[in-house]
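Coordinates in review
Now for the letters of each chain:
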Amino acid sequence: MKTSIKAFIALIAFGSSALFVQAQALKVGTVDRAKAMAGYYKTQEEEAKIQAYGQSAQQDFEKRLNEGKAMASQFQSLQESLKNPVLSDTAKKAAEADAQRLLGDLQKKEQELAEFRQQADRFIQQGVATTRQALLVEINEVAANIAKKKGITLLVDRGVLVYTDEAYDITEEVLTELNKNKPATPATGTSAVPPVGLPK
């Protein structure tokens, strides 16, 4: 019986020492990836490109919209001319044919505008998602490398924590590393986010 108790105590002691060794080996660090994303110079560059794409798409949309307005005005003029009592039957039939054709063109233009807007919005959403994913991969890689150099064995995103001591946070170090090659003059985007182009 005594032997069994001694063995049990020894087992508990061994387990406790193993947990203590594991606790010593585990070094936790934190990183605020949202803050790193917002402060990364490439994020600002990509946002500028997306904004430039949006502006270009809006200009294209307004051009198409004005074309539609001109067609609507022409259709209205044809409708008014059909009310003219002195209009000959031949001229009236010709005006009616023109009005019918123009009405069909207007309906096509309306559908084209709706499709253009949907496509542009979809391209922007895809561009934002693709860009953020690519930048997040870079941020994760830099954060992991810094964590390894500091002997951190578990790196946690601060976005999922209720509280953490600032002493264990490496976000500023990550930002410094990410922005070490930041150009002196910020790049300005004048085209769509590659490889996305303006919808035709």
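Residues numbered from 1 in each chain as written. Predicted model: local features only at pLDDT ≥ 70, side-chain atom pairs only at ≥ 80, totals over all residues. Heavy atoms only, no water.

What about helix α4 (residues 89-149)?
An α-helical turn contains 3.6 residues, so any two residues separated by three or four positions project in the same direction. Rules: A run of H or I in DSSP becomes a helix once it reaches four residues, and a run of E becomes a strand once it reaches two; helices and strands are each numbered from the N terminus. Take the residue count of a helix, subtract one, and multiply by 1.5 Å to get its expected span.
For α4, spanning 61 residues, the distance from its first C-alpha to its last is 90 Å, which sits close to the expected 90 Å at 1.5 Å a residue. Backbone geometry just downstream of α4 places G151 in the positive-phi region, at approximately 75°.

Some words on the confidence of the model for the chain
Formally: Known as pLDDT, the predictor's confidence for each residue is given on a scale from 0 to 100. Note on contacts: a residue pair qualifies if any of its non-hydrogen atoms lie within 4.5 Å across the two residues.
Per-residue pLDDT for the chain averages 84, and the proportion of residues at 70 or more is 80%. Mean pLDDT across the secondary structure elements of the chain bottoms out at helix α1 (residues 2-25), with 51, and peaks at helix α5 (residues 171-178), with 97. Low pLDDT, under 50, characterises residues 16-23; the stretch is placed with zero contacts to residues that sit more than four places away or in other chains. In this model residues 190-200 is a low-confidence stretch, pLDDT under 50, and it forms 25 contacts with partners more than four residues away in sequence or in other chains.

Re the pattern of salt bridges
Opposite charge on two side chains permits them to pair, given that their charged atoms come into close proximity. Condition: Only one rule defines a salt bridge in this text: a Lys or Arg side-chain nitrogen within 4 Å of an Asp or Glu carboxyl oxygen. Per-residue accessibility, obtained with a 1.4 Å probe over protein chains only, is compared with the maximum for each type, and a residue is labelled buried under 20%, exposed over 50%, and partly exposed between these values.
Applying the stated criterion to the full structure yields 14 salt bridges. For D105, the salt bridge goes to R101, with nearest N and O atoms at 3.5 Å. Of this pair, D105 and R101 both sit in helix α4, four residues apart, roughly one helical turn. A residue is classified by how much of its surface remains accessible, and D105, at 27% relative accessible area, is partly exposed. As a salt-bridge pair, E177 and K180 come within 2.7 Å of each other at their nearest N and O atoms. For K180, a relative accessible area of 54% translates into the label exposed. Bridged by salt links that share partners, the residues D60, R64, E67, K109 and E112 form one connected network.

Examining α5
Cut-off, in case you're wondering: Our arc is simply the arc of the directions from the helix axis toward the C-beta atoms.
All buried positions along α5 are accounted for by T171, V174, L175 and L178. Along the axis of α5, the buried residues cluster in a sector spanning 100°; they form a single face. Its buried side turned inward, α5 meets β1 (28-31), α2 (33-39), α3 (41-81) and α4.

Some words on a nonpolar patch on the surface
Heads up, the rule is: Each patch is built from salt-bridge-free residues with over 30% relative accessible area, joining like charges within 9 Å and nonpolar side chains (Val, Leu, Ile, Met, Phe, Trp, Tyr) within 5 Å. Computed with a 1.4 Å probe, the accessible areas rest on the Shrake-Rupley method; for each residue, only the protein chains presented here act as cover.
Taken together, L26, V28 and L154 make up a surface patch of nonpolar side chains, about 230 Å² in accessible area. Looking at the element boundaries, L154 is found in strand β2 (residues 154-157).

Digging into the packing of α4 against α5
This is how it is decided: Every angle, taken between N-to-C directions, lies between 0 and 180 degrees, and every axis is a line fitted to C-alpha atoms, over only the stretch in contact when it is a helix. Note that the term roughly parallel is reserved for angles under 35 degrees, roughly antiparallel for angles over 145, roughly perpendicular for angles of 65 to 115, and oblique for everything else. Handedness of a helix crossing follows the sense of rotation of the near helix relative to the far helix, less than a right angle counterclockwise being left-handed and clockwise being right-handed. Any residue outside Ala, Val, Leu, Ile, Met, Phe, Trp, Tyr, Cys, Pro, Asp, Glu, Lys and Arg is labelled polar, Gly included; the first ten of those are nonpolar and the last four are charged.
As a packed pair, α4 and α5 sit with axes 9 Å apart at the nearest point and diverge in direction by 120°. Considering the angle they form, α4 stands oblique to α5. Considering the relative orientation of α4 and α5, their crossing is right-handed. Of the residues in α5, those touching α4 at E138, I139, V142, A143 and I146 are E173, V174, E177 and L178. Here the residues of the contact of α4 with α5 are counted per class, giving six nonpolar, no polar and three charged.

Quick word on the nonpolar core
This is how it is decided: Residues belong to a common nonpolar core when they are buried Ala, Val, Leu, Ile, Met, Phe, Trp, Tyr or Cys residues joined through side-chain atoms within 4.5 Å.
Within the largest apolar cluster, 15 residues are counted, with the highest numbers of intra-cluster contacts made by Y40, I139, I170, V174 and L178. Those elements that place two or more of their residues in this core are α2, α4 and α5. When residues of this core are assigned to their parent elements, the largest contribution, six residues, is made by α4. Counting residues in each nonpolar core, the second largest holds eight residues, with L78, A99, L102 and L106 among its members.

Quick word on the side chain of T131
The following threshold applies: In protein, a polar contact requires one atom able to donate a hydrogen and another able to accept it; more generally it is a pair of N or O atoms within 3.5 Å, and residues adjacent in sequence count only if both atoms are side-chain atoms.
Locating T131 in the fold gives a position in helix α4. Exposure remark for T131: the relative accessible area of 11% places this residue in the buried category. Of the polar contacts made by the side chain of T131, one reaches the backbone oxygen of G127; its length is 2.8 Å.

Describing the packing of aromatic side chains
The condition that has to hold: Note on ring pairs: Phe, Tyr and Trp rings are taken, using the six-membered ring of Trp, and paired if centres are within 6.5 Å. Classes follow the plane angle, with under 30 degrees stacked, over 60 edge-to-face and the rest tilted.
For the structure shown, the criterion picks out two aromatic pairs. Where Y40 meets Y41, the ring centres are 5.5 Å apart and the plane angle is 90°; that geometry is what we call edge-to-face. Judged on exposure class, the residue Y40 and its partner Y41 are both buried. With centroids separated by 6.3 Å and ring planes inclined at 25°, the aromatic side chains of F61 and F116 adopt a geometry described as stacked.

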